[in-house]
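The lines below spell out each chain.
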Protein chains: 2
Amino acid sequence: MVFYVAISRLIVPTGRRVFTCIHLATPAGIPHIHYLIHQMAVFERLTHLFFATEVTLSTTLFPAANPIPSFASFTVFVLEVSPNPFLLAPENPHFTPINKIVTLDLKTDDPGAETFQYQALTGTTVAGYTLFSPNYSSFLAKPGFYIKDIFIREAYQRKGFGWMLLLAVAAKMGYGRVEWVIIKWNINGGR
Amino acid sequence: MVFYVAISRLIVPTGRRVFTCIHLATPAGIPHIHYLIHQMAVFERLTHLFFATEVTLSTTLFPAANPIPSFASFTVFVLEVSPNPFLLAPENPHFTPINKIVTLDLKTDDPGAETFQYQALTGTTVAGYTLFSPNYSSFLAKPGFYIKDIFIREAYQRKGFGWMLLLAVAAKMGYGRVEWVIIKWNINGGR
């Protein structure tokens, strides 16, 4: 009987397949990034310190005259999720999007699904982002990176998506030095 | 009598003039930077974590094939001091060296003077360095910087040189966001 249960768990996993895609942020993603940063400010109870607008984000992350070099300077990754495979992965010469399929109990009830819809054609939804900068360990004489922000929208928290973003950054930037600080009360931040 | 003392302090300052110069690090400065980082490790009692060599510093700070863009990525400023004016200021298209004259009680007895001599012609000495990276405040939508290291050699500590380096970085990178951490026992770190 116990054996049967174990097998049944093996063949019929609870949850369903979710397609994920991590890609470099683009100017087209600014409205979503703005929403995400605001939701992070709400989550951190720091909305009184939130002054970003879509315009200021756009002109500082994607200045037209003097573009910020991706990875050499501060850089944003966006995480999208979808019930369907990603057909229209955003293309960028500096970074090939990371596509993964995960199986999990995802509540289909995402109150922000419409706001965070990314690609109209495939019905994908923005689930989170990370902002990171290059760093350098002088003791090791080794470049590394500093994770400034990692934020996953509430409907997608505690599913390993934060780690997925962290590992995507580490894989690209090297594992020489990983620095981050988790706000003390953010008990889910390391999960 | 009190008035006389005050005047005498005004006209005859104690100490002597010291010429200072903050400039972008160059490959020629690697041996000094290596010494400085090692002295910082000694000062922080962390020599067991010190693994930098002149070669690894050189290949990571100044990679020949794919140069690190100054200021867009991690960047090193070097502080030199001299009893004489700087005649041969290092030139760099991205940064004009900052020259200042300060009056202070400088012990002429610097045990590292010979090791840290920078320009043979003017007899200047390397006093310290700072290593910083670009950073970004998503709440403010504003680029800023992260001071990773500031180190001033022992003979030059407690004279405001650390602040001079910090202000040089802030003036160049903008005052949007200044982040640093002072090791708890480093009671002179903020002076």
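For the structure itself, look to the data block above.
Cut-offs and rules
Within every chain, residues take consecutive numbers counted from 1 along the sequence as written. Whichever chain is written first becomes A and whichever ligand is written first becomes 1, with later ones labelled in order. It should be noted that, the model being predicted, local features are given only for residues of pLDDT at least 70 and side-chain atom pairs only at 80 or more, the latter also being counted only at that level, while totals for whole chains, interfaces and linings use all residues. For the side-chain quantities, the full set of heavy atoms in the structure was used; hydrogens and water were omitted. Every case where a carboxyl oxygen of Asp or Glu lies within 4 Å of a side-chain nitrogen of Lys or Arg is listed as a salt bridge. Relative accessibility thresholds used throughout: buried, under 20% of the residue-type maximum; exposed, over 50%; partly exposed, between the two (1.4 Å probe, protein chains only). Any Phe, Tyr or Trp ring, taking Trp's six-membered ring, that has another such ring centre within 6.5 Å forms a pair; planes under 30 degrees apart are called stacked, those over 60 apart edge-to-face, and the others tilted. Only DSSP runs of H or I with at least four residues qualify as helices, and only runs of E with at least two residues qualify as strands; both kinds are numbered from the N terminus onward. We call a charge positioned above a ring when the Lys NZ or Arg CZ atom is no farther than 6 Å from the ring centre and deviates by at most 35 degrees from the ring normal. It only takes one pair of heavy atoms within 4.5 Å for two residues to be counted as in contact. For any pair of parts, buried area is found by adding up, for both, the accessible area (1.4 Å probe) each one loses once the two are put together. Distance and chemistry together define a polar contact, namely a pair of N or O atoms within 3.5 Å, with one atom able to donate a hydrogen and the other to accept it when in protein, and with adjacent residues in sequence counting only for side-chain atoms on both sides. When the copies are superposed, the least-squares fit takes in the C-alpha atoms of residues with a pLDDT of at least 70 in both. Helix span is expected to be 1.5 Å times the residue number reduced by one.

(A) Representation of the pattern of salt bridges within the structure. Residue and element names in this part refer to chain A. On inspection of all chains with the given rule, the structure shows two salt bridges over all chains. In this structure, Lys148 and Asp149 form a salt bridge, with 3.4 Å as the shortest nitrogen-oxygen distance. Like Lys148, the residue Asp149 is buried in the burial classification.

(B) Layout of the packing of aromatic side chains. A full pass over the atoms with the stated rule returns 19 aromatic pairs over all chains. On the numbers, 5.2 Å between centres and 25 degrees between planes, the contact of Tyr146 of chain A with Tyr146 of chain B is stacked. With Tyr146 of chain A in strand E5 (residues 142-152) and Tyr146 of chain B in strand E5 (residues 142-152), this pair bridges two chains. With respect to burial, Tyr146 of chain A and Tyr146 of chain B carry one shared label: buried. Three or more aromatic residues link up through ring pairs in this structure, and these residues are Phe71, Phe77, Phe95 and Phe132 of chain A. Note that Lys172 of chain A overlies the ring of Phe71 of chain A, its terminal NZ or CZ placed 4.5 Å from the centroid.

(C) Representation of the interface of chain B and chain A in the model. Listed as interface residues are 34 residues of chain B and, on the opposing side, 34 residues of chain A. Both sides together, the interface formed by chain B and chain A hides about 2,600 Å², and carbon and sulfur atoms give 66% of it. Contact with chain A buries area across many residues of chain B, yet Tyr136, Ser138 and Phe139 of chain B alone supply 30% of it, more than any other trio. Scanning the region where chain B abuts chain A turns up zero salt bridges. The tally of links from chain B across to chain A stands at 14 residue pairs in polar contact (both at pLDDT 80 or more).

(D) Summary view of the relation of the copies chain B and chain A. Here chain B sits on chain A after a turn of 180 degrees about the axis and a move of 0.0 Å along it, with an RMSD of 0.0 Å. Put plainly, the chains are arranged around a two-fold axis. Residues of chain B ranked by C-alpha distance from the rotation axis are headed by Ser73 of chain B, positioned 2.6 Å from it. When the interface residues of chain B are mapped onto chain A, 100% of them again fall at the interface, so both copies present the same face.

(E) Summary view of unusual backbone geometry. Even without glycine at this site, Phe71 of chain A takes up a positive phi of about 75 degrees. Its identity is not glycine, yet Arg158 of chain B carries a phi of approximately 65 degrees, on the positive side. Tracing the chain through its elements places Arg158 of chain B in the loop between E5 and helix H4 (161-173).

(F) Region of interest: H4 of chain B. Residue and element names in this part refer to chain B. Relative to the 18 Å expected for 13 residues at 1.5 Å per residue, H4 spans 18 Å between its end C-alpha atoms, a close match to the ideal helical length. By the burial criterion, the buried members of H4 are Phe161, Gly162, Met164, Leu165, Leu166, Ala168, Val169, Ala170 and Met173. One or two positions beyond H4, positive phi appears at Gly174, with a value near 95 degrees.

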